[in-house]
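Descriptive analysis of the structure
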Amino acid sequence: MEKSISAFAEAYKNRREILENPGQYPEEITLFSVGENCSDCTNNYISVAQLVSCWQHEEYMIKCPKCGEVAYVTRWIGNVGRHHKDKLYWLVRAYCPHCNTNDYVRSTELKASWKEMLKLVPKMPNKSEKTNGYEGPMFTVAEAYANMSDILEHPEQYSEEVTNFLAGGLGCCVYSRSVSAAELVRCWQHKEYQVECPRCGSVAYVYKWVGHLGPGGYWTVRVYCPDCMTEYSSINILKYSWGEMRKIYNEVVDELNVTHTNGTSKTNI
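On a predicted model such as this, the values are computed, not experimentally measured, just so you know.

About the criteria used
Residues numbered from 1 in each chain as written. Predicted model: local features only at pLDDT ≥ 70, side-chain atom pairs only at ≥ 80, totals over all residues. Heavy atoms only, no water. Helix = DSSP H or I, 4+ residues; strand = E, 2+ residues; numbered from the N terminus. Buried < 20%, exposed > 50% of the residue type's maximum accessible area, 1.4 Å probe, protein only. Contact = heavy atoms within 4.5 Å. Areas by Shrake-Rupley, 256 points an atom, 1.4 Å probe, with all protein chains shown as cover. 1 Å grid on protein atoms, 1.4 Å probe; cavity = no way out; pocket = protein on both sides within 12 Å on 5 of 7 lines; lining within 4 Å. Points joined across faces, edges and corners; volume = space filled by probe spheres on them. Nonpolar A, V, L, I, M, F, W, Y, C, P; charged D, E, K, R; others polar. Arc of directions from axis to C-beta. Polar contact = N/O pair within 3.5 Å; in protein donor to acceptor, adjacent residues only side chain to side chain.

Let us look at the overall build of the chain. The helix and strand inventory of the chain stands at eight helices and 14 strands. Every one of the 269 residues in the chain was classed for burial, and the buried ones make up 46%. Within the chain, contacts between residues at least 6 apart in sequence are counted, and of these 53% link residues at least 24 apart. Carbon together with sulfur atoms contributes 47% to the accessible area of the chain, which is approximately 13700 Å² in total.

To continue, consider empty space enclosed by the protein. This structure, assessed with the given rule, holds one cavity of 30 Å³ or more. The computed volume of the largest cavity comes to approximately 50 Å³. Forming the walls of the largest cavity are C64, P65, K66, A71, A94, C96, T101, D103 and V105. Secondary-structure elements contributing two or more residues to the lining of the largest cavity are β5 (89-96) and β6 (101-104). A class-by-class count of the residues in the lining of the largest cavity yields six nonpolar, one polar and two charged.

Below, the discussion takes up helix α1 (residues 5-13). For α1, every residue scored as buried is listed here: F8, A11 and Y12. For α1, the buried positions fall inside an angular range of 100° around the axis, keeping them on one side. In this structure, the buried side of α1 is in contact with α2 (15-20), β1 (28-35), α3 (48-54), β4 (70-79), β5 and β6.

Here R93 lies in strand β5. Among the polar contacts made by the side chain of R93, one reaches the main-chain carbonyl oxygen of N102 at a distance of 2.6 Å.

Time to look at the layout of surface pockets. Estimates place the volume of the second largest pocket at around 150 Å³. Taken together, twelve residues line the second largest pocket, and the ones lying closest to its centre are A7, E10, Y25, E27 and V48. Elements that contribute at least two residues to the lining of the second largest pocket include exactly α1 and β1. Examining the composition of the lining of the second largest pocket, we find that three residues originate from one element, α1, more than from any other. The residue makeup of the lining of the second largest pocket, split by class, is six nonpolar, two polar and four charged.

And the structure:
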């Protein structure tokens with residue numbers, strides 16, 4: 001979904017206005033990706049405001065290979081592979097306002113690893129934090145992990161829905177729960193919701209599951225790895241049945257004494 005050169009030229013031209021009023025520029029303009037190969041990438045969609053904010057960091061500035069002037073990184077694909085801790089990339093593109101080009105550049109020109117580049121991407125405001133009329137994306141799984149300590153200490157402040165747990169089969173859904181950030185983080189304290197990341201070996205956290213009624217197992221399991229900073233799916237990664245996962249979640253709900261999400265009772269569908 002990467003935009004044309006004119007979109008980056010417009011963002012560069014209006015960068016001062018964008019930095020002063022980021023809430024007015026939520027349109028997605030590019031994406032930063034991470035994966036072992038290009039077909040396995042997890043995409044992070046980047047808004048105009050986020051990209052221009054990244055351009056304020058030297059890590060997103062490189063020397064244009066054509067004219068030698070400063071160019072600004074607009075796209076990168078990080079390579080996790082076996083050397084995920086190294087500064088490895090599949091692809092890097094940069095916009096040069098002097099040449100008015102958005103060309104491929106050598107990844108060796110980058111000063112930081114893809115992990116460091118991803119950390120520089122600012123979060124857009126939450127829906128509860130209106131900025132200049134823009135209602136940003138809902139609370140994300142990554143934000144839930146980043147704020148884990150505060151969420152555990154003040155769960156009543158994190159009732160916003162972040163994911164859901166489901167189960168069904170043969171065209172019917174027999175279990176459906178919308179899950180708040182507070183509930184999800186509490187689930188993460190249980191070993192059943194912790195798995196080994198197949199990419200880097202670090203602890204990854206289950207944030208969504210869809211149980212299969214037929215032969216058992218799952219239709220979908222999604223996990224978040226804070227070390228890779230990626231989300232991915234794997235139906236074979238859990239050792240526990242969705243019934244056991246459901247039991248833990250129900251216990252968490254009882255502990256938090258939470259019976260409503262977004263004003264509706266949590267009941268089976």
